[in-house]
Amino acid sequence: MHDQGRALLIVNRQARRGAEAVEAAHDALEMAGLSVARFETPPSMGCAEAVTSGLARFGTEAGGIDRIVIGGGDGTLNGAIPGLLKAGLPFGILPLGTANDLARSLGIPLELEAAAQVIATEQPRPVDLGEVNGHRYFNVASVGFSAELAGELKAEAKQRWGTFGYGIAAFRLLRRARPFTATLIHDGQVRRVKTIQVSVGNGRHYGGGMTIAEDARPDDGLFDVYSLEVAHWWRLVALIPWLRSGTQGRWHDVRAFRTTGLELRTRKPRPVNTDGELTTHTPAIFRLHRAALRVFAPPG
């Protein structure tokens, strides 16, 4: 029965569906044919540390551990990155968060049983990582409007409203969105722009179903960058359907390009949002790490 592999399972109990999903996650993996070592993460421990501690506890047992399974949302996965890099093992995703943008980018089903099947049966495939000022990320890093939104979007709103919470906070903030001057340095070019937001995407989805670019993939070795150079907040409202489908680059006041590295400077330091958390501030240096991790996901 358990010849397919032995998984270290780490579930973020603080994720939107975390607490009640621990047993369900364990059962789904076992039903898919995996043997499971579950590490109960103490409340004060971060996800990266949980990966390292779990491997130290279970990795030496007979059979060892051949894959790491993270149950949570994008914030949990982002927090796990240093531990996953250290472990050097392929990882699987059980999507239990609010938005689950990385799972969507990779074509991983959002239902627990189907996601567990992917972890048990698919071959691991490479996934790139973005990095800004030393902070690695899966999906997107943004400066401007969405970084301010992340600062404003309290955890309670996320818990209570889910994706709808983003909408309410976004609309309140939209009306205060003001353009700022940024310098974009990439591929031997220096450009000064007036923008409301600059986003540097590694994956395909972010922010609960927004799309970085319609053909963006988390394993294509490229950043997809866009800059919203709009004059008025109501112009952003008109852009929303295009932002959802990843076609905003067709608008004349949206700058869109692909690159493997970028430097972004602003007059005063501005926060940078990486996968929904504020982690650093400008000046921001972006680097891409090709095939940095391996993830169980359906073929590209």
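Remember, it's a predicted structure, so these values are computed and weren't measured experimentally.

Time to look at the packing of aromatic side chains. By the definition in use, this model includes 4 aromatic pairs. Ring centres 5.9 Å apart and planes at 40° place the aromatic pair F91 and F138 in the tilted group. Taken as a pair, F91 in strand β4 (residues 91–95) and F138 in the loop between β6 (135–137) and β7 (140–144) lie far apart in primary sequence, 47 residues in all. We note that F91, like F138, is buried. Residues W242 and W251 carry aromatic rings whose centres are separated by 5.3 Å and whose planes lie at 75° to one another, so their mutual orientation is edge-to-face.

This next bit is on the packing of helix α2 (residues 47–58) against helix α3 (residues 74–87). Contact geometry for α2 and α3: axes closest at 6 Å, N-to-C directions at 40°. The orientation of α2 relative to α3 falls into the category oblique. The handedness of the crossing between α2 and α3 comes out as right-handed. Here α2 contributes C47, A48, V51, T52 and L55 to the contact with α3, which in turn contributes T76, G79, A80, P82, G83, L84, K86 and A87. In terms of residue class, the contact of α2 with α3 is made up of 8 nonpolar, 4 polar and 1 charged.

Moving on: the nonpolar core. L29, F91, I93, L94 and F138 are the most contacted members of the largest nonpolar core, which totals 49 residues. Filtering out sequence-adjacent residues up to four positions away, F91 remains in contact with I68, L77, L84, V127, F138, L293, R294, V295 and F296. Membership of the second largest hydrophobic core comes to 19 residues, among which are V132, V193, L262 and F286.

Criteria and cut-off values
Residues numbered from 1 in each chain as written. Predicted model: local features only at pLDDT ≥ 70, side-chain atom pairs only at ≥ 80, totals over all residues. Heavy atoms only, no water. Phe/Tyr/Trp six-rings, centres within 6.5 Å; stacked < 30°, edge-to-face > 60°. Helix = DSSP H or I, 4+ residues; strand = E, 2+ residues; numbered from the N terminus. Buried < 20%, exposed > 50% of the residue type's maximum accessible area, 1.4 Å probe, protein only. Axes fitted to C-alpha atoms, helices over the stretch in contact; angles between N-to-C directions. Parallel < 35°, antiparallel > 145°, perpendicular 65-115°, else oblique. Left-handed = near helix turned anticlockwise from the far one by under 90°. Contact = heavy atoms within 4.5 Å. Nonpolar A, V, L, I, M, F, W, Y, C, P; charged D, E, K, R; others polar. Core = buried A, V, L, I, M, F, W, Y, C linked by side-chain atoms within 4.5 Å.

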